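Here is what each chain is made of, one letter per residue.
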Amino acid sequence: MQPPAPLHPPSAWVQRWAHLFRAGGRVLDLACGPGRHAYWLHARGHAVTAVDRSAAALASLAPLAAAGAEVLQAELEDGPWPLAGRAFDAVVVTNYLWRPRLADTVAALAPGGVLLYETFAQGNETVGRPARPEFLLRPGELLQAAAGLRVVAYEDGFLENPERFVQRIAAVRSVATELPARHRL
C-alpha cells in the first residue's frame, strides 16, 4: 500500500529547518489546510497533530489520520485555545496569521521545541493577496512574538515565484537545566 502523500510540496523554509526537530518528536501543524506539511512531517517519522477549522481541508487528511496522525477541526480565531495544556517538540505555521494566537502558538513549544513560522508581511498588498493589514505581519513582528526563544534564522522581505512579501523565523525554546546547588548564585 502506498503511504499517504501531500497534495502540494512543503514550504522550502520548513524543509530547510526541519532538521532541528527532535527525531520522532511531536509536531503541531497549525492552520494546516490540506496538510502539505503534516504529510511530509509524518513521512519523516514525526507524531503529527494537524489543526484547521475547515472540514473540507481536513477531509484531505483522512489517509494521514488513518496512518496515525491526529487531525483536529478547531476554530482558532474564536473561543478557547484548543490545545491548552499541550506541548510540542515543533510547531509549524505557514500562510496564516491571527495575532491573538501568536502567544499561544509560542507557548505550545516544549523545552527544546522549534518554531517554524512563515507568512505574509507588509508590502504584500502591492503584489497580491492577502492585502488587508490584519493578515500582514508588521516589520519585526515575528521577532517580537518569538522573544525569549533563540532565533536560528529570520527573514523579512520579497520572494519571487510567486511574488510575495514574507516574514519567516526558525526559533528554539531553550532547555532549562537545573544546576547543582553548589553552582547556584
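Draft legend 1. Local environment of the overall build of the protein. If you tally the helices and strands in the protein, you get six helices and seven strands. Beginning at the N terminus, the succession of helices and strands in the protein can be written as α-β-α-β-α-α-β-β-α-β-α-β-β. Whereas a compact globule of 185 residues would reach a radius of gyration of roughly 16 Å, the protein reaches 17 Å, a difference of no more than 12%. Looking at the protein residue by residue over its 185 residues, the buried ones come to 43%.

Draft legend 2. Region of the structure containing the nonpolar core. Within the largest apolar cluster, 26 residues are counted, with the highest numbers of intra-cluster contacts made by L30, V91, L115 and Y117. Of all elements in the fold, only β1 (26-30), β4 (88-94), α5 (102-107), β5 (109-120) and β7 (164-172) reach the threshold of two or more residues within this core. When sequence neighbours within four positions are dropped, the list of residues in contact with L115 reads V91, T105, V106, L109, L149, I169, A170 and A171. Core analysis: the second largest hydrophobic core is formed by 24 residues, V14, A90, V92 and V114 among them.

Draft legend 3. Highlighting the pattern of salt bridges. Summed over the entire model, instances satisfying the criterion amount to 12 salt bridges. The closest approach of N and O atoms between R53 and E77, which form a salt bridge, is 3.7 Å. One end of the pair, R53, is in the loop between β2 (47-52) and α3 (55-59); the other, E77, is in the loop between β3 (70-73) and β4, with 24 residues separating them in the sequence. For the salt bridge of R101 with D104, the shortest nitrogen-to-oxygen distance reads 2.7 Å. Given a relative accessible area of 12%, R101 falls into the buried group.

Draft legend 4. Representation of the side chain of H37 in the model. Assignment of secondary structure puts H37 in helix α2 (residues 36-43). Setting aside chain neighbours within four positions, we find H37 in contact with P10, S11, V14, D29, V92 and T94.

Draft legend 5. Structural view of the environment of L83. Assignment of secondary structure puts L83 in the loop between β3 and β4. Distance in space between the C-alpha atoms of L83 and L115 is 16 Å, their sequence separation being 32 residues. Once residues lying within four places of it in the same chain are set aside, the contact partners of L83 are L28, L30, V51, L72 and F88.

Parameters and conventions
Residues numbered from 1 in each chain as written. Predicted model: local features only at pLDDT ≥ 70, side-chain atom pairs only at ≥ 80, totals over all residues. Heavy atoms only, no water. Helix = DSSP H or I, 4+ residues; strand = E, 2+ residues; numbered from the N terminus. Rg over C-alpha atoms; globule rule 2.2 N^0.38 Å. Buried < 20%, exposed > 50% of the residue type's maximum accessible area, 1.4 Å probe, protein only. Core = buried A, V, L, I, M, F, W, Y, C linked by side-chain atoms within 4.5 Å. Contact = heavy atoms within 4.5 Å. Salt bridge = Lys/Arg side-chain N within 4 Å of Asp/Glu carboxyl O.

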